[in-house]
Amino acid sequence: MNKLIGLTRNFSSSSSLNGIKTVTVVGGGLMGSGIAQVAAQAGQNVTIIDVQPELLEKAQKSIQANLTRVGKKIYKTEADKIESFVKESFDRIKVSTKLEDGADVDLVVEAIVEKLDVKQELFNKLDQICPAHTILASNTSSISINEIGAGIKRKDRFGGLHFFNPVPVMRLLEVVKGDHISEETYQAMMEWGKSVGKTCITCKDTPGFVVNRLLGPYSAEAIRMFERGDASAVDIDIAMKLGAGYPMGPLELSDLTGLDNKKFILNIMLEKTGNPVFKPITLLDKMVGEGKLGRKTGEGFYKYEKK
Ligand code: 3HC
């Protein structure tokens, strides 16, 4: 029921848009395409920017497929309505390999690789080419918002908008307040989050924000249990689904979000907090070293059919 309400709200919220009507998403991966999709569904014009044209093509295909899933859920068997929902939403999305093509918008959401220097370079450039009113936001899962925005001038119009995978389904948005964000920008971010169908929570610029700070130790201990041979991967996942009511077990969830991301988040959390629960895990390092990154590479704790 929850998922359906989230999706329906997503669509019907187009009439209650706040000041943000045009959005650029930088990064055409899984998260970026999900963010672009929910904004387009809510009636906003979206540009996806990525340096790799083949990633943009992949993003368009997956958005079209996911819009159809959402359309079917809202309109059931009304084929005409499903078709026009998909077409209208999809037509609001443009793609480009040039950052300049996405500069003149109300909001830019960055969803690129989790590397501080790469993000800083991008934001410094966006700060120069975007109009003064544009709000800049990062979808980083674990890097400090203050550090990412250290070099920009518009620090009052900068913050974190952290989405969850799969973006069209997960109803949470963490709105992260850096030290210099203005009240006006913060309110605009909260309003925009609502307009794309999300329930927003507010968080300080603290390592891992809320969700990853709690998910990190939980999934790390699940990986250690599996490494020690305490239980099989399947049984660990069944245990948490049936014993704790989680929709997915910790190992299948790690496969979904990517084991390279998991390793990166644990490393950064250890560095920032010093808490030994985030210490490196030999098995995780080995799997990442072997390219077993989860669903996206066809193998992680489980094997997946290649798409
Ligand atoms: N777009 C649109 N709809 C989608 C979708 C997508 N990308 N993916 C799934 N759906 C819809 C399906 O159509 C389906 O609809 P239905 O219920 O009407 O049939 C519904 O969502 C459920 O999907 P499935 O039947 O395929 O599979 P499940 O019932 O197993 O649900 C799940 C899949 C929604 C992923 C669920 O297992 C879940 O909620 N898992 C937990 C995910 C989670 O914890 N995410 C957060 C990870 S942490 C993170 O992202 C932070 C980052 O920083 C790393």
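Calculation notes
Residues numbered from 1 in each chain as written. Predicted model: local features only at pLDDT ≥ 70, side-chain atom pairs only at ≥ 80, totals over all residues. Heavy atoms only, no water. Salt bridge = Lys/Arg side-chain N within 4 Å of Asp/Glu carboxyl O. Helix = DSSP H or I, 4+ residues; strand = E, 2+ residues; numbered from the N terminus. Buried < 20%, exposed > 50% of the residue type's maximum accessible area, 1.4 Å probe, protein only. Expected span 1.5 Å × (residues − 1). pLDDT = per-residue confidence, 0-100. Contact = heavy atoms within 4.5 Å. Axes fitted to C-alpha atoms, helices over the stretch in contact; angles between N-to-C directions. Parallel < 35°, antiparallel > 145°, perpendicular 65-115°, else oblique. Left-handed = near helix turned anticlockwise from the far one by under 90°. Nonpolar A, V, L, I, M, F, W, Y, C, P; charged D, E, K, R; others polar. Arc of directions from axis to C-beta. Pairing = 2+ DSSP bridges. Core = buried A, V, L, I, M, F, W, Y, C linked by side-chain atoms within 4.5 Å. Patch = residues over 30% accessible without salt bridge, like charges linked within 9 Å, V, L, I, M, F, W, Y side chains within 5 Å. Areas by Shrake-Rupley, 256 points an atom, 1.4 Å probe, with all protein chains shown as cover. Near = heavy atom within 4 Å. Polar contact = N/O pair within 3.5 Å; in protein donor to acceptor, adjacent residues only side chain to side chain. Lys, Arg positive; Asp, Glu negative; His and termini not counted.

Tallying each qualifying case throughout the model produces 18 salt bridges. For Lys-87, the salt bridge is made with Asp-91, and the minimal N-O distance between the two is 2.5 Å. Separated by four residues within a single helix, Lys-87 and Asp-91 lie in helix α4 (residues 79-91), roughly one turn from each other. Residue classification places Lys-87 among the exposed residues on the basis of a relative accessible area of 51%. Note on Asp-91: relative accessible area 44%, which makes it partly exposed. Asp-230 is the partner of Arg-228 in a salt bridge, and the nearest nitrogen-oxygen pair spans 2.9 Å.

Attention shifts here to helix α3 (residues 53-75). The end-to-end C-alpha separation of α3 is 33 Å, in line with the 33 Å expected for 23 residues at 1.5 Å each. Just beyond α3, the residue with positive phi is Lys-76, at close to 50°.

Moving on to the confidence of the model for the protein chain. Mean pLDDT over the protein chain works out to 94, with 94% of the residues at or above the 70 mark. Here residues 1-6 scores under 50 on pLDDT; set against residues more than four positions off or in separate chains, the count is six contacts.

Closest axis-to-axis distance for the helix α11 (residues 259-273)/helix α12 (residues 282-289) pair is 9 Å, and the angle between their directions is 135°. Put simply, α11 runs oblique to α12. By crossing handedness, the relation of α11 to α12 is classed as left-handed. Packed against α11, whose contacting residues are Leu-259, Asp-260, Lys-262, Lys-263 and Leu-266, the element α12 presents Leu-284, Asp-285, Met-287 and Val-288 at the interface. Per-class residue counts for the contact of α11 with α12 are five nonpolar, no polar and four charged.

Helix length check: α4, at 13 residues, gives a terminal C-alpha distance of 18 Å against a target of 18 Å (1.5 Å per residue), a fit within 8%. For α4, the complete set of buried residues consists of Ile-82, Phe-85, Val-86, Ser-89 and Phe-90. One side of α4 carries all its buried residues, which in axial view fall inside an arc of 115°. Of the exposed residues in α4, those oriented more than 90 degrees away from the buried face are Asp-80, Glu-83 and Lys-87.

Note: strands within a sheet are paired through backbone hydrogen bonds, in either parallel or antiparallel orientation. Pairing in this open sheet of eight strands is mixed, and the strands run β3-β2-β1-β4-β5-β6-β7-β8 from one edge to the other. Both outer strands of the open sheet, β3 (93-96) and β8 (199-204), are each paired with one neighbouring strand and no more. Between one strand and the next, the sheet's axes are offset by a mean angle of 25°, whatever the strand orientation.

What follows concerns the nonpolar core. In this structure, Ile-35, Leu-107, Leu-161, Phe-163, Val-175 and Trp-192 are the most contacted members of the largest nonpolar core, which totals 40 residues. Sorting elements by how many residues they give to this core places α3 first, with six residues. With residues near it in sequence (within four places) discarded, Leu-107 still touches Ile-20, Thr-22, Val-23, Thr-24, Thr-134, Ile-135, Ala-137, Leu-161 and Trp-192. Within the second largest apolar cluster, 38 residues are counted, among which are Val-105, Phe-209, Ala-222 and Ile-223.

A few words now on a nonpolar patch on the surface. Taken together, the side chains of Val-234, Ile-238 and Leu-242 define a hydrophobic patch exposed on the protein surface, amounting to about 300 Å² of accessible area. As for its position among the elements, Leu-242 is in helix α9 (residues 233-244).

Before going further, it helps to examine the site of the ligand. For the ligand, the set of nearby residues contains 19 residues, the closest of which are Arg-69, Lys-73, Ser-141, His-162 and Asn-165. Here Asn-66 contributes a side-chain N or O atom positioned 3.3 Å from a nitrogen atom of the ligand. Measuring from an oxygen atom of the ligand, one finds a side-chain N or O atom of Asn-212 at 3.1 Å. For the shell around the ligand, the secondary-structure elements that each account for two or more residues are α3, α8 (211-228) and α10 (250-257).

Next up on the list: the side chain of Asp-205. Summarising the element assignment, Asp-205 is placed in the loop between β8 and α8. One buried charge, Asp-205, has no salt-bridge partner; the nearest side chain with opposite charge is Lys-272, at 8.4 Å. In terms of polar contacts, Asp-205 uses its side chain to reach the side chain of Ser-144, at 2.9 Å. Non-local contacts of Asp-205, meaning those with residues more than four positions away in its chain, are made with Ser-144, Ile-145, Asn-146, Val-176, Lys-177 and Gly-178.

Attention now moves to the environment of Val-86. Turning to its location among the elements, Val-86 is positioned in helix α4. By relative accessible area, Val-86 is classed as buried at 10%. In this structure the C-alpha to C-alpha distance between Val-86 and Asn-66, which are 20 residues apart in sequence, comes to 9.1 Å. Setting aside residues up to four positions removed in sequence, Val-86 forms contacts with Gln-64, Leu-67 and Thr-68.

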